[in-house]
Each structure stands twice: as structure tokens, then as C-alpha cells.
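Here is what each chain is made of, one letter per residue.
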Amino acid sequence: MADLPLPPQPARQVARIAQQDEADLVARAVAGERAAFGTLVERYAGVARRVARAVLGNPEDADDAAQDAMLSALVKLEQYDARRPFGPWLLRIVANAATDRRRRRSVRRVEPLDVGLTAGGARPDTTTERRALNERLRQALAELPERRRMAVVLFDVEGYSHGEIALILGIPEGTVRSEVFHARRRLRVLLADWKEEG
Amino acid sequence: MKDPLPFDHRPDLVLGRALREALDPGGAQLFTARVLARAEHARAASWDAVLARWARAGVAAALVVALAAGYFVGHATAGSPTTVRPTVSDVLIAPPAHPGEVEVVLASVIGNN
């Protein structure tokens, strides 16, 4: 008998399976299984580094903060409640590690964004232009308040819900919505020209 | 470009993609390897710390046991004074515990003579 294609699983069910899988990985990591912790690190390295970079700006500092957060999470793994999703729990540690590091390090002056750059420019087709756009976005992000930066990255880049971001940042859900809205308004100006031509 | 609707609950895919590219540092495998190496190092260091803690506790416990043993041995020795074996003269000079003993000794001496 030919195998029938499986119907697509509802998102909620997929999320539940992923949560069970992560709870299992955490249990194995707590028991000392190196590979299980390795899988968790691989799975969350990207988001952890991006969130840390949104806070710190500098990629080396961000990697150090993300690494510290991962190791701190390893130590605290036994405290993780397996009934809750792992991502927000870990990202709260990451956000705190990045914020602490930013407070500790000497304050770096953020150069104000060049008005000419924010007002548009050529469509970034080439690598150079794309690089310039990335730089402009990073500068624009650096001008936003820290919480706003994290909120928009977690929502638009990483796909977390407002509720999950509220858990990560320890703020009310309504505040998350407001932060995402204001961050987007600022960042979309940069992308306007690119979007309209693309 | 229109302003976004306030509190739009859907992720902005274009902005998200652009931000992801702007924030992506690359070198994911290198980062993962570095974290795992640090985790191994931390684990080994924590075992060393545990063993060192156990060793310190072990030395302290051994000292306590040795002191306690010394105290009890000393106490027991002081409680039972050393028994001194009586010499022949002590036996002869000391008043007899049983009156008949001296007569027996004297009789045996006289008898031998």
C-alpha cells in the first residue's frame, strides 16, 4: 500500500512537539550528555548572537555575551521549567547578559545617523550597496532605545510573539507592541526606497 | 510609504530579512565549537572544584576523627590507673588480707630449714 502524504500539522501541534523535544534535550544535557547541549547551542546560537548584537552593536562583544549566556544557561538548566518553551527562557538570559555587558563596558558614543543616508539612496543591488544598507540598518538600530531594539529583532527577525517577548524582556505585552511599532516606524524609513524599487 | 498600522501583530518579513542580514555575524559553527569547548572546560573545572572541596572536607573530617580518638584513648587511660605489680617485700610487709597467709609462709620457711 502506498504511503499517503501526511496532512500538514497545525502550528500549535508542531510547537508542542518542538517543546517536548527541547524538554528532552534539556533533560539529557542536565544528565551530562554533551551532544544534547550541543544541539541546543546549535539551535539557538543564531538568535542569541543576533539579539546580543542588537544590544551591543559590536559583533565580538555580542558573541562574548551570547557565549556567557549559553554557559550560564547550562549551569541553570536544572531550573528550567520543561512545561514552558525553552527559547524565551534562554533568550531572557541572553538579553540580561548583553545588557549587563553593555552597562559594564565603557560607553561608546553612537554617531548620529547621516540624514542623507536615512532619506533613501540607490537600491542596494550590489554587494557594496547591500553592505551599506546593513551598516545603515545597524546604525539606525543603535539609535533606538535598547528595549525597542530587542523587541523589534525578536518580533520581526526571530518571529516570537508579543507574549513571548514580554516574557523575555520582563515587560507587559502592551509595551512590547508599542516598542515594536515605534522601532518599525524608524527602521522602515530606511527600507522605503529599497522596498518600493524592489 | 504608508505608516504601518499601530500594533500590527504580523511580523514584517522584508524588515525582518534585512535586519537578519544586518545582524548576522556568520561563523555559526565556530561559535558553537567555542561554546562547547568552554562548557567542557567549565565542567572539568567544576569537577576539580568538587574534588578539592571533598579533599578539604576529608582532611577536616580526618583531623576531627583523630582528635576524638586521641581524646577518648587518653580519657580511658586516665580513668584506669596503671596496675603496679607488688614486689615480694610489699607482700611480706603489707598487712595480710587473709590472716592465715603469713603463718603458711612462715611454716614453709621453718619446714625447709
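Worth saying up front: this structure is predicted, and the values here are computed from it rather than measured. (Residues numbered from 1 in each chain as written. Chains lettered and ligands numbered in written order. Predicted model: local features only at pLDDT ≥ 70, side-chain atom pairs only at ≥ 80, totals over all residues.)

Participant: For this particular structure, what's the right way to read the overall build of chain B?
Facilitator: A count of helical and extended segments in chain B gives four helices and zero strands. Along chain B, helices and strands appear, N-terminal first, in the series α-α-α-α. In chain B, which comprises 113 residues, the proportion classed as buried is 9%. (Helix = DSSP H or I, 4+ residues; strand = E, 2+ residues; numbered from the N terminus. Buried ≥ 20, exposed ≤ 12 C-beta atoms within 10 Å, placed from the backbone.)

Participant: How should I be thinking about the overall build of chain A in this particular structure?
Facilitator: The helix and strand tally for chain A stands at nine helices and zero strands. Ordered by position from the N terminus, the helices and strands of chain A form the series α-α-α-α-α-α-α-α-α. Of all 198 residues assigned to chain A, the portion counted as buried reaches 33%. At a minimum sequence separation of 6, the contacts of chain A that also span at least 24 residues come to 69%. (Contact = placed C-beta atoms within 7 Å.)

Participant: Explain helix α1 (residues 13-23) of chain B to me, please; I cannot follow it from the model alone.
Facilitator: An α-helical turn contains 3.6 residues, so any two residues separated by three or four positions project in the same direction. Taken together, the buried positions of α1 of chain B are L15, A18, L19, A22 and L23 of chain B. Seen along its axis, α1 of chain B keeps its buried residues to an arc of 125°; they face one direction. (Arc of directions from axis to C-beta.)

Participant: I would appreciate a short explanation of the interface of chain A and chain B in the present structure.
Facilitator: How big an interface is tends to be expressed through the accessible area that disappears when the partners come together. Each partner contributes residues to the interface: chain A has 36 residues there, and chain B has 27 residues. Among the secondary structure elements, those contributing two or more residues to the side of chain A that touches chain B are α2 (34-56), α3 (59-76), α6 (127-143), α7 (146-157) and α9 (173-197) of chain A. A per-class count over the side of chain A that touches chain B returns 18 nonpolar, five polar and 13 charged. (Nonpolar A, V, L, I, M, F, W, Y, C, P; charged D, E, K, R; others polar.)

Participant: What exactly am I supposed to notice about the packing of α7 of chain A against α1 of chain B here?
Facilitator: Helix packing geometry: the angle between the two helix axes and the distance between the axes. The geometry of α7 of chain A relative to α1 of chain B is characterised by a closest axis approach of 8 Å and an angle of 115° between their N-to-C directions. Crossing hand, α7 of chain A versus α1 of chain B: left-handed. Contacts between α7 of chain A and α1 of chain B pair V153, D156 and V157 of chain A from the former with L15, G16, L19, R20 and L23 of chain B from the latter. Among the residues making up the contact of α7 of chain A with α1 of chain B, the classes are represented as five nonpolar, one polar and two charged. (Axes fitted to C-alpha atoms, helices over the stretch in contact; angles between N-to-C directions. Left-handed = near helix turned anticlockwise from the far one by under 90°.)

Participant: Honestly, α3 of chain A in this entry has me stumped. Any pointers?
Facilitator: A rise of 1.5 Å per residue sets the reference length of α3 of chain A, with its 18 residues, at 26 Å; its end C-alpha atoms lie 25 Å apart and thus fit the reference within 8%. Taken as a whole, α3 of chain A has its buried residues at A62, D63, A65, A66, Q67, A69, M70 and A73 of chain A. (Expected span 1.5 Å × (residues − 1).)

Participant: Would you mind going over the confidence of the model for chain A with me for this structure?
Facilitator: Interpretation of the predicted coordinates at a detailed level should be avoided for regions scoring low in pLDDT. Scored by pLDDT, chain A comes out at a mean of 83, with 78% of its residues at no less than 70. Taken as a whole, residues 109-120 of chain A scores under 50 in pLDDT and shows 11 contacts with residues more than four places along the chain or in a different chain. (pLDDT = per-residue confidence, 0-100.)

Participant: Looking at this model, I keep getting lost on the environment of P11 of chain B. Mind explaining?
Facilitator: Tracing the chain through its elements places P11 of chain B in the segment before α1. Its 18 C-beta neighbours within 10 Å are what place P11 of chain B among the partly exposed residues. In contact with P11 of chain B, not counting residues within four places along its chain, are F155, D156 and G159 of chain A together with G16 of chain B.

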